[in-house]
Amino acid sequence: MNMTTDTYNAWSIALQVLIWVAMIATFMVYFFQLKAMQKAAIGQNILSLVNFLQMTHVREARTTVLTQLKAKEYAAWTEDEMRQASLVCSTYDVASILIFQQRLMPPDVFISNWGPSIKRCYEICQHHIAEMQKPENSGPHYWNDVKILYDEVIKQAAQPVVPGDAAR
């Protein structure tokens, strides 16, 4: 009887070890699936934001700001030019919210591609943003996230580029 109990115990331990190995392997598979899904979600978020910023009317608004308004005094802007500038400010404000508040994508990818546009558009539209943020208009929180985006562009532009740095 002693030999039978020892054999049973050995088989029982071996079976438990196999079950634990199978459970750990299952958890590892789920973990790697979760990581893959997270990467896919980030890729989808980036694609959605790119599509949002590349819509024809948004690109036309940026073109207006960057070509017509860059050398024009704010007091001389027409109503249509103000609408175009507002569209630029609001789209970059939404992008900033998605990137920095919601953390739906890494900022480096976006800033490395749109940084120069963000910087120039913000600097051209500063007076318009200040006007819209007056209490009698929309208030100080209106388009405040576009400033966060602009500040990050300036911060990254000030960092030295390291050869072989994958983030650049």
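Scroll up to find the structure this text is about.
This text gives an overview of the structure that appears in the document. (Residues numbered from 1 in each chain as written. Predicted model: local features only at pLDDT ≥ 70, side-chain atom pairs only at ≥ 80, totals over all residues. Heavy atoms only, no water.)

Digging into the pattern of salt bridges
Evaluated as defined, the whole model comprises six salt bridges. The closest approach of N and O atoms between Glu-81 and Lys-72, which form a salt bridge, is 2.7 Å. We note a salt bridge from Glu-123 to Lys-119, for which the minimum N-O separation is 3.1 Å. Residue Glu-123 and its partner Lys-119 are located together in helix H4 (residues 107–132), separated by four residues, close to a single helical turn. (Salt bridge = Lys/Arg side-chain N within 4 Å of Asp/Glu carboxyl O. Helix = DSSP H or I, 4+ residues; strand = E, 2+ residues; numbered from the N terminus.)

Let's talk about helix H5 (residues 144–158)
Residues lying three or four places apart along an α-helix face the same way, a consequence of the helix completing one turn every 3.6 residues. Across its 15 residues, H5 extends 22 Å between first and last C-alpha, which sits within 8% of the 21 Å expected from 1.5 Å per residue. Burial in H5 covers these residues: Asp-145, Val-146, Leu-149, Tyr-150, Glu-152, Val-153 and Gln-156. Across the axial projection of H5, the buried residues extend over an arc of 160°, all falling on one side. In this fold, the buried residues of H5 make contact with helix H3 (79–101) and H4. (Expected span 1.5 Å × (residues − 1). Buried < 20%, exposed > 50% of the residue type's maximum accessible area, 1.4 Å probe, protein only. Arc of directions from axis to C-beta. Contact = heavy atoms within 4.5 Å.)

Note that all results are geometric; they support no functional claim without further evidence.
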